Structures are given as C-alpha cells and as structure tokens.
Amino acid sequence: LLLHTVSAGEPWPIPFVETFPSTTLDMYKWETAYGITVETNGLNPPTPPYSANFDGNPSGGDTLTSEMINLKNETNVLLKFYYQRTGGGDSPESGENVWVMYLDSADTWHELYVLYGAGESMTNFEEVAIQLPAAAMHAGFRFKIYNQATTGNFDDWFIDDIYVGHPPDYDMVMVPTIQDEFGAN
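Rules used throughout
- Residues numbered from 1 in each chain as written.
- Predicted model: local features only at pLDDT ≥ 70, side-chain atom pairs only at ≥ 80, totals over all residues.
- Heavy atoms only, no water.
- Helix = DSSP H or I, 4+ residues; strand = E, 2+ residues; numbered from the N terminus.
- Contact = heavy atoms within 4.5 Å.
- Polar contact = N/O pair within 3.5 Å; in protein donor to acceptor, adjacent residues only side chain to side chain.
- Salt bridge = Lys/Arg side-chain N within 4 Å of Asp/Glu carboxyl O.
- Buried < 20%, exposed > 50% of the residue type's maximum accessible area, 1.4 Å probe, protein only.
- Pairing = 2+ DSSP bridges.
- Core = buried A, V, L, I, M, F, W, Y, C linked by side-chain atoms within 4.5 Å.
- pLDDT = per-residue confidence, 0-100.

Undergrad: Lay out the environment of histidine 138 with the relevant residues and their values.
TA: Position of histidine 138 among the secondary structure elements: in the loop between β10 (126-131) and β11 (142-147). Those residues in contact with histidine 138 that lie beyond four places of it in its chain are Ile69, Asn70, Leu71, Lys72, Leu103, Asp104 and Ser105. At a separation of 3.4 Å, a polar atom in the side chain of histidine 138 contacts the main-chain amide nitrogen of phenylalanine 141.

Next up, the structure:
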C-alpha cells in the first residue's frame, strides 16, 4: 500500500505529534506511507491500542515520511519516538534494521539513528530522543523512518508516539521534602 500526498499548505508548526489514535494514518501529517500499517500487534504501546508496524510487506521495506515541519529560527529541538522490536510479530534478524533520517535545506537526507535488528525481542516500548542538528533547522524540515526486511509479513518493528519539538519541562519532586528533612510543617 503506497499513500503519497503533495503538500500545498504551510509546513507544520512544532510540536508535531503522532500517537496513531486509529488504524488510519493521518495523511495531513505524512507525505509518504509505503507499506505501513497501524495495528494492535505492538505489545504495551505507550498510547494504546495502536502503533505503526514496519515489516517487509509487500516489498522488503516500509517508509514513513513526514510532511514539512517548520523549524526555521528554532534551537534545541528533539525528535522523539518509542519503538519495539518484534512485539507480537516476527523477530528482525541482523541487517533488518530501521533507519531514522532527516532532510536538510539542500534536499539531502542524513542518518540520525539506527535501530538494529539483531537484538532481543521486546515486550515493552523504549523511548529514543534525538537532538536535531543545526542543519535540520529550516522551514522545510522532514524526517523519515524506514526499514529493510525480508519480503512478506516478517521482521516486525513498531513505532509509536512520534514527537518533534522542544524538550518538555519536567516537574521536579524532592523526596524527602526540605520541610520533612528539617522538621518544618
């Protein structure tokens, strides 16, 4: 299944968020979705029940490419996502990897991160947070996630909760509290 859109609108502002809330991809967010299915075979996804499945069906690899995201004049921007190798599917073998890439302002793709297929099968998702380089900070930023796999329904990877934006503010809780430590109420 190849879905391809042509953006006639403005680039997405940040934050760009995709939690795969249904089995249908939001093609306003994605320029290309080749071979991707959104399904429930990922185990314990961060936002149940769905995640994007990358396997080898139909031609030995799948690709998900974002629409443009406006990062012009931005700094300190992350690309974050959760992944799971195998889940409720087939284990990827050596070389059946997932690549995460970004498009610079000269329309050249650059590797950001690789998930290697030779690892243990996973029953939980793990988070990846990547600080985007200066070359990614332009009005036509795009990222893509793609895999290489055996042709067919094999070599399953699951991706969920994709985020492009600034790092979140964290709430800090002191335990014990200063009041408890020094006896104040």
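Picking up where we left off.
Undergrad: Now, about the pattern of salt bridges: what can you tell me, with residues and values included?
TA: Under the counting rule described, the total for this entry stands at three salt bridges. One salt bridge connects arginine 142 with glutamate 67, and the closest N-O pair in it is separated by 3.7 Å. You can see arginine 142 sitting in strand β11 and its partner glutamate 67 sitting in the loop between β6 (63-66) and β7 (78-85), a full 75 residues away along the chain. Taking the shortest distance from any N to any O, the salt bridge between glutamate 127 and lysine 80 comes out at 3.3 Å. Remark: lysine 80 occurs in strand β7 and glutamate 127 occurs in strand β10; sequence separation between them is 47 residues. With relative accessibility at 41%, the residue glutamate 127 sits in the partly exposed group. Taken together, the shared-partner salt bridges in this structure form one network comprising Glu31, Glu67 and Arg142.

Undergrad: An account of the pairing of strand β8 (residues 98-103) is needed here, citing residue identities and associated values.
TA: Of all six residues in β8, six are buried; the element is thus mostly enclosed. Where β8 lies against strand β9 (residues 109-115), six bridges are found, and the strand directions are antiparallel. Each residue of the ladder has a partner; that of methionine 101, found in β9, is glutamate 111. Joining the antiparallel neighbours β8 and β9 is a turn of five residues, in which aspartate 107 adopts a positive phi near 65°. Sheet topology places β8 next to β11; six bridges connect them, and they run antiparallel. When the sheet's bridge partners are listed, leucine 103 is paired in β11 with arginine 142.

Undergrad: Describe the pairing of strand β3 (residues 30-34), naming the residues involved and giving the relevant values.
TA: For a regular strand, side-chain orientation follows a simple rule: the groups alternate between the two sheet faces. Taking burial as the measure, the five residues of β3 include four buried ones, the bulk of the element. Taken together, the four bridges between β3 and β6 define a ladder with antiparallel strand orientation. Directly across from tyrosine 34, in β6, lies its bridge partner threonine 63.

Undergrad: How would you explain the side chain of lysine 144 if you had to name every residue and give the values?
TA: In this structure, lysine 144 sits in strand β11. Other than its neighbours up to four places away in sequence, lysine 144 contacts Thr63, Leu64, Thr65, Trp99, Val100, Met101 and Trp109.

Undergrad: Run through the nonpolar core, naming residues and quoting values.
TA: Counting 36 residues, the largest nonpolar core has Leu132, Phe143 and Val164 as the members making the most contacts within it. Mapped by element, the contributors of at least two residues to this core are β3, β5 (51-56), β7, β8, β9, β10, β11 and β12 (152-165). Counting residues per element, this core draws most heavily on β12, at four residues. Every residue in contact with leucine 132, bar those within four places of it in the chain, is listed here: Leu71, Val77, Leu78, Leu79, Leu112, Met137, Phe141 and Val164.

Undergrad: For the confidence of the model for the protein chain, give the residues involved together with the corresponding values.
TA: A residue-level look at the protein chain finds 86% of positions with pLDDT of 70 or above and a mean pLDDT of 89. Below pLDDT 50 for its whole length, residues 1-6 participates in 17 contacts with residues either more than four positions away or in separate chains.

Undergrad: Can you break down unusual backbone geometry residue by residue, with the values?
TA: Put simply, isoleucine 14 and proline 15 share a cis peptide bond, and its omega is 5°. Along the chain, proline 15 turns up in the loop between β1 (2-4) and β2 (16-18). Here proline 48 and proline 49 are connected by a cis peptide whose omega angle stands at 5°. Tracing the backbone shows proline 49 in the loop between β4 (37-39) and β5. Unlike most non-glycine residues, asparagine 73 shows phi in positive territory, near 65°. With respect to the secondary-structure elements, asparagine 73 resides in the loop between β6 and β7.

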